[in-house]
Amino acid sequence: MAGIMMKLGGYVFSLDTAAYQQFARTTAYRWQALERVHQLAALQFTGPGEDSITLNGTILPTFRGGLGQLDAMRAQAAKGEPLMMVDGRGYVHGRWVILGVNETQKTFEKGGAPLQVDFSIRLRKYDEGLK
């Protein structure tokens, strides 16, 4: 399959399937505030917080990949298990869970089949537990 961008579990994001145009990652860090009299609160680092990714992209079902691509994403999510994420450069991102899959269908042909499907998939890093 040409142009593999990323693999999440058994689903492949590629130029031939669902190509994402935006990869947004948010990483939080937890700091607990300890109130003090007549001073700013003292901050204590309590560890990493939520790590999440949102992928936004477009599927052109009549061009490549067909209409079943979002069903394949939803099937991965429905397994209810963490999925290994590896990008097209070979970097292993670890295990992630799918929080949601959204779609917007646009520009329809006869019979109601969309010519364009915009999607977003929300992911959250799975904690592997204590090291």
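Let me begin by describing the structure that accompanies this report. Note that the structure is predicted; figures quoted are calculated from it, not measured.

On to the packing of aromatic side chains. The description of an aromatic ring pair uses the distance of the two centres, along with the angle that the planes make with each other. Summed over the entire model, instances satisfying the criterion amount to five aromatic pairs. Judged by centre distance (5.0 Å) and plane angle (75°), the ring pair of Tyr11 and Phe13 falls under edge-to-face. Accessibility assignment for this pair places Tyr11 and Phe13 in one class, buried. Aromatic ring contacts, followed pair by pair, group Tyr11, Phe13, Tyr20, Phe23 and Phe119 into a single cluster.

Looking now at a nonpolar patch on the surface. On the surface, a cluster of nonpolar side chains totalling about 500 Å² of accessible area is made up of Tyr29, Trp31, Leu43 and Phe45. Every element with two or more residues in the nonpolar patch is listed here: strand S3 (19-34) and strand S4 (42-59). Along the chain, Phe45 turns up in strand S4. Overall, the relative accessible area of 42% leaves Phe45 in the partly exposed class.

Thresholds applied
Residues numbered from 1 in each chain as written. Predicted model: local features only at pLDDT ≥ 70, side-chain atom pairs only at ≥ 80, totals over all residues. Heavy atoms only, no water. Phe/Tyr/Trp six-rings, centres within 6.5 Å; stacked < 30°, edge-to-face > 60°. Buried < 20%, exposed > 50% of the residue type's maximum accessible area, 1.4 Å probe, protein only. Patch = residues over 30% accessible without salt bridge, like charges linked within 9 Å, V, L, I, M, F, W, Y side chains within 5 Å. Areas by Shrake-Rupley, 256 points an atom, 1.4 Å probe, with all protein chains shown as cover. Salt bridge = Lys/Arg side-chain N within 4 Å of Asp/Glu carboxyl O. Helix = DSSP H or I, 4+ residues; strand = E, 2+ residues; numbered from the N terminus.

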